[in-house]
Amino acid sequence: MIGIDIVDLTDPFLQKRGERPLNLIKHPNDQFPDDCNPFWLLWTAKEAVFKSFRKDKAFSPTDIEVQITQRHQGVYNYQSDQYYGVILGNHHFVCAVGSMDMLPEFRIFYSPQASKSTFIRQKISESTNPLHKLEADELGLPIISPTRQLISISHHHHYAAFAVSS
């Protein structure tokens, strides 16, 4: 079970998130460093955890408990039950990736034009076995066939990312 989420902080339509929106996504047991703006750290971590469930249901961030600790500047570790991962961030994007096992292989891409699904499909194709292709499983969630390898995909504005299971 793997998950990834990315948020492009340069998106001109992205609104600044303070304490009020943070309260709308927080679980009572969420933990995060005091010296950071936690909204996008929590959001991306919770979205990555949610995607790892691979279920066809609505995302409810308040249902997912996350503990975030800072590793070093711009890099955080996070955990949610038996799921763990890393969050990478800078002034341009925040990306969370994780797994219930070892950290999956992942890639982050920048596109000068707003990221579209064709862009991420092209990057996945370039980064994986050329004989394999991106398809959907029974729930409509992405897999790489013919191996049925799990893949998690995210894109927002100029950034795209994907993670593949080992």
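Look up: the structure comes first, before these words.
Since the structure is predicted, the reported quantities are computational estimates derived from the model, not experimental observations.

A. Spotlight on helix α3 (residues 117-127). Among the residues of α3, those classed as buried are Phe119, Ile120, Lys123 and Ile124. Along α3, the residues classed as buried sweep out an arc of 135° about the axis, all on the same side.

B. Layout of the sheet that holds strand β8 (residues 142-145). The sheet built from five strands is open, its strands ordered β6-β10-β9-β8-β7 with antiparallel pairing. Among the strands making up the open sheet, the edge pair consists of β6 (105-110) and β7 (133-136). Across the sheet, the mean angle from the axis of one strand to that of its neighbour is 30°, orientation sign disregarded. Across six bridges, strand β9 (residues 149-156) lies against strand β10 (residues 159-164) in antiparallel orientation.

C. Local environment of the sheet that holds strand β4 (residues 83-89). The sheet built from five strands is open, its strands ordered β1-β5-β4-β3-β2 with antiparallel pairing. Both edges of this open sheet fall to β1 (2-8) and β2 (67-72), since each of them pairs with a single strand only. With direction set aside, neighbouring strand axes in the sheet form an average angle of 20°. With six bridges connecting them, β4 and strand β5 (residues 93-99) associate as antiparallel partners. Its bridge partner being in β5, valine 86 is matched across the sheet by valine 97. Strands in contact with helix α2 (residues 39-53) are β1, β2, β3 (75-80), β4 and β5; relative to β1, the strand with the most contacts, it is inclined by about 145°.

D. Focus on the layout of surface pockets. In this structure, the largest pocket occupies an estimated 450 Å³ of space. As for the largest pocket, its lining consists of 17 residues, of which Leu9, Asn37, Gly89, Asn90 and Val94 are closest to the centre. Its volume calculated, the second largest pocket comes out at about 170 Å³. If you trace the second largest pocket, you find it lined by Phe50, Lys51, Arg54, Lys55, Leu141, Pro142, Ile151, Ser152 and Ile153. Listing elements by their share of the lining of the second largest pocket, those giving two or more residues are α2 and β9. Partitioning the lining of the second largest pocket into residue classes produces five nonpolar, one polar and three charged.

Scoring rules and cut-offs
- Residues numbered from 1 in each chain as written.
- Predicted model: local features only at pLDDT ≥ 70, side-chain atom pairs only at ≥ 80, totals over all residues.
- Heavy atoms only, no water.
- Buried < 20%, exposed > 50% of the residue type's maximum accessible area, 1.4 Å probe, protein only.
- Helix = DSSP H or I, 4+ residues; strand = E, 2+ residues; numbered from the N terminus.
- Arc of directions from axis to C-beta.
- Pairing = 2+ DSSP bridges.
- Axes fitted to C-alpha atoms, helices over the stretch in contact; angles between N-to-C directions.
- Contact = heavy atoms within 4.5 Å.
- 1 Å grid on protein atoms, 1.4 Å probe; cavity = no way out; pocket = protein on both sides within 12 Å on 5 of 7 lines; lining within 4 Å.
- Points joined across faces, edges and corners; volume = space filled by probe spheres on them.
- Nonpolar A, V, L, I, M, F, W, Y, C, P; charged D, E, K, R; others polar.

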